[in-house]
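Each chain, written out:
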Amino acid sequence: MTTVTKEAGAPDPADAGVFLSVRDLHVSFRTEDGIVRAVDGLSFDLERGRTLGIVGESGSGKSVTNLTILGLHNPMFTTVEGEIVLDGQELTTARESELEKLRGNKVAMIFQDPLTALSPYYTVGRQIAEPYMKHMRASKRTAWERAVEMLGRVGIPHPRQRAKDYPHQFSGGMRQRAMIAMALVCDPDLLIADEPTTALDVTVQAQILDLLGDLQSEFGSAIIFITHDLGVIADMADDIMVMYAGSAIERGATDQVLRAPQHPYTWGLLNSMPRLDSDPRAPLSPIPGTPPSLLAPPPGCRFHPRCAFQDRVAGSGRCVGERPLLGPDRSSACHLTAQQKRAIFIDEFKPRLR
Ligand code: SF4
């Protein structure tokens, strides 16, 4: 595995507390219809102990990004370019055996559907104990005790008995907890949670989110939380990155992005969320149009076919001819000026969000 050294004069990610650094990541797939550009120039950093919420519609590239960080893409059909540096190690050029060592040990993933991650043929306890035996070189007995301990920590009652159960003997919420126990058993430094609560009812969802927050305080892991639900992000994340058509179009601290979003797509996402205090008979306001095809993404701003604000940008046809880029700090990839963004949000969107 390559160790990345600091260039002369460049800030050292370790000094800045950066644990994961993704730079100009491009991920594309060869298909019968052509090349799908699933991730198209994505850059972000994540520090230890912080939670980054990645939001976006299906096909925005959020899950592909995280599967690529884990090295779970098929190299036969996938091209990965750019840099993914985890704790000083470059992952895009790492061998499968090196990534294998990393998965479960330094990085772990919680999937949306525990039934795809848990095998029906083995007891829950065994499935939690195995990565511990493998990565920590623990004995069978020690790993079993650790599995029981982890089941207790994620709130499974009678963990010693329940560890002997098979996944089908657990409820949906308990399976999700078991998968969290499996992901955290080796104290990973980075936890990737991909829509971990989508399939659960709201009460269990709230319990799982609380649990993840508590476990993060206890283990100090960095978390990437992928979701399409801005409400969940508001509770969980320190920072938000909004993705659209394979790249980040807005990012910043959660309260800033939710209080004063700067990108027309983020305004649309917020505006389309159902609100508890709104008239239940009132129709929802979805973003018009559909996400673009990643086989032939639109030129210029990827959002321009759905954007109602392009004629307010100075310079005729700029949104179609020039792709806006995200700056290094709090920013949005949009040609509108900062004053225009502020004024449009305050005058045209904020009243509807109250
Ligand atoms: Fe809309 Fe233009 Fe901004 Fe893209 S760059 S979001 S098309 S105003």
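About the cut-offs
- Residues numbered from 1 in each chain as written.
- Predicted model: local features only at pLDDT ≥ 70, side-chain atom pairs only at ≥ 80, totals over all residues.
- Heavy atoms only, no water.
- Buried < 20%, exposed > 50% of the residue type's maximum accessible area, 1.4 Å probe, protein only.
- Helix = DSSP H or I, 4+ residues; strand = E, 2+ residues; numbered from the N terminus.
- Pairing = 2+ DSSP bridges.
- Near = heavy atom within 4 Å.
- 1 Å grid on protein atoms, 1.4 Å probe; cavity = no way out; pocket = protein on both sides within 12 Å on 5 of 7 lines; lining within 4 Å.
- Sits in = over half its atoms within 2 Å of the grid points.
- Nonpolar A, V, L, I, M, F, W, Y, C, P; charged D, E, K, R; others polar.
- Phe/Tyr/Trp six-rings, centres within 6.5 Å; stacked < 30°, edge-to-face > 60°.
- Points joined across faces, edges and corners; volume = space filled by probe spheres on them.
- Polar contact = N/O pair within 3.5 Å; in protein donor to acceptor, adjacent residues only side chain to side chain.
- Contact = heavy atoms within 4.5 Å.

Peer 1: How would you explain the pairing of strand β9 (residues 222-227) if you had to name every residue and give the values?
Peer 2: Burial of β9 is extensive: six of the six residues sit out of reach of the surface. Along β9, one buried face is formed by A222, I224 and I226 and the opposite face, lined by I223, F225 and T227, is buried too. Inspection of the sheet shows strand β4 (residues 51-55) paired to β9 by five bridges, in the parallel sense. Each bridged residue has a counterpart across the sheet, and for L52 the counterpart in β9 is I224. Pairing of strand β8 (residues 190-194) with β9, which is carried by five bridges, proceeds in the parallel orientation. Following the sheet pairing, I192 is matched in β9 by I224.

Peer 1: Tell me about the site of the ligand, and please be specific about residues and values.
Peer 2: The local shell around the ligand holds 13 residues, among which C301, C307, C319, C334 and H335 are the closest. Of all the cavities here, the one that holds the ligand is the largest cavity. Taken together, the residues of the shell around the ligand sort by class into 10 nonpolar, three polar and no charged.

Peer 1: Summarise the packing of aromatic side chains; cite the residues concerned and give the values.
Peer 2: Tallying each qualifying case throughout the model produces four aromatic pairs. Feature note: the residues Y244, Y265 and F303 constitute an aromatic cluster, connected by ring pairs.

Peer 1: Residue-level account of empty space enclosed by the protein, with values.
Peer 2: Tallied over the entire structure, the rule returns two cavities of 30 Å³ or more. If you add up the space inside the largest cavity, you get close to 100 Å³. Lining of the largest cavity is provided by 14 residues; of these, P264, C301, C307, C319 and C334 occupy positions nearest its centre. Of the residues belonging to the lining of the largest cavity, the class tally is 10 nonpolar, four polar and no charged.

Peer 1: Now, about the side chain of H304: what can you tell me, with residues and values included?
Peer 2: Following the sequence through the fold, H304 ends up in the loop between α11 (264-271) and α12 (318-321). A distance of 3.2 Å separates a polar side-chain atom of H304 from the backbone oxygen of P299. Those residues in contact with H304, other than ones at most four positions away along the chain, are P298, P299, Q310, C319 and V320.

Peer 1: Describe the environment of Q161, naming the residues involved and giving the relevant values.
Peer 2: Residue placement: Q161 occurs in helix α6 (residues 159-162). When its relative accessible area of 47% is taken as the criterion, Q161 is described as partly exposed. Sequence separation between Q161 and E149 is 12 residues; the distance between their C-alpha atoms is 12 Å.

Peer 1: Account for the environment of T203, with residues named and values stated.
Peer 2: Its location among the elements puts T203 in helix α8 (residues 202-219). Sequence separation between T203 and R126 is 77 residues, and the spatial gap between their C-alpha atoms is 28 Å.

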